Amino acid sequence: MNFFDQIINKFQIISDPLSFIGVLFTIIVSLYIFKHENSYSFVRERHDKIIFPLFNLLEPFLYHDVPKETLESALQIIESNKNLIDGKLLGVSYFCAKNPSRNNLNELFSYVDRAYDKSCRKLGLKTRTFSYRFSRKQYKNVTSIILHMVVYTLFGLIVFAIFLFVFLYVVAVLYALYESLSSIKQLIMLLLVSFLVIVLNKYMEKFH
């Protein structure tokens, strides 16, 4: 009889939606970590060999006149690392080498400008601030400045709204769960939540 009771209890655990969600979440997180670890080495190599050398070379001239020898050095960096570049950079570098017009140069500047910040985000590095870019005139035109401000403002508001919604939802769920527990389990839950808050706070400090 005890044998059948154990089977039934195990079946109930498996069929529990919360348990299923927990298992599914664990699988998704594991796959994400695996993919992130595999792609990180490629992102680092591309950053060190192409993105940063190009940005470091061209940053003083972004959207301005660039010396011929500097452009040639930039194109040489791209040519020497063709196995790490994408189709966009391949096309941009080709047209710049063929005809270094203002439009073609701006395409190269725009690519390097965006790629540097994108690469930094993937590596967990801070991107350039608006004040830094503005003081060094690293915007294509006034429209780009306005668009940058609008996009980042809207993005910040959306992220804040999502975070607030998720936070309130989690608080409501935890409170409902807390109310349904016994005194001892409530204490255990408080200790667990406190521990998670401390860990989360330590993790967030890395981004400051």
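This write-up is about the structure you can find in this document. Keep in mind it's a predicted model, so treat the numbers as computed, not measured.

How each quantity is defined
- Residues numbered from 1 in each chain as written.
- Predicted model: local features only at pLDDT ≥ 70, side-chain atom pairs only at ≥ 80, totals over all residues.
- Heavy atoms only, no water.
- Core = buried A, V, L, I, M, F, W, Y, C linked by side-chain atoms within 4.5 Å.
- Buried < 20%, exposed > 50% of the residue type's maximum accessible area, 1.4 Å probe, protein only.
- Helix = DSSP H or I, 4+ residues; strand = E, 2+ residues; numbered from the N terminus.
- Contact = heavy atoms within 4.5 Å.
- Salt bridge = Lys/Arg side-chain N within 4 Å of Asp/Glu carboxyl O.
- Expected span 1.5 Å × (residues − 1).
- Arc of directions from axis to C-beta.

1. A word on the nonpolar core
- By size, the foremost hydrophobic cluster in this structure holds 26 residues, and its most contacted members are Ile50, Leu54, Leu58, Leu89, Leu108, Phe109 and Val112.
- Mapped onto this core, the elements with two or more residues apiece are helix H2 (17-58), helix H3 (68-80), helix H4 (87-98) and helix H5 (102-122).
- Sorting elements by how many residues they give to this core places H5 first, with eight residues.
- What Leu108 contacts, discounting residues up to four positions off in sequence, is Leu58, Leu71, Ile78, Leu89, Val92 and Cys96.

2. Things to note about the pattern of salt bridges
- Under the defined criterion, the tally for this structure stands at ten salt bridges.
- A salt bridge links Glu107 to Lys88; its shortest N-O distance comes to 3.5 Å. Residue Glu107 is found in helix H5, and its partner Lys88 is found in helix H4; the two are separated by 19 residues along the sequence.
- Judged by relative accessible area, which is 41%, Lys88 ranks as partly exposed.

3. Some thoughts on H4
- Taking 1.5 Å of rise per residue, the twelve residues of H4 would be expected to cover 16 Å, and the 17 Å separating its terminal C-alpha atoms lies within 8% of that figure.
- Three or more residues of H4 are buried, namely Leu89, Val92, Ser93 and Cys96. Across the axial projection of H4, the buried residues extend over an arc of 95°, all falling on one side. Exposed residues on H4 whose side chains face more than 90 degrees from its buried face are Gly87 and Lys98.

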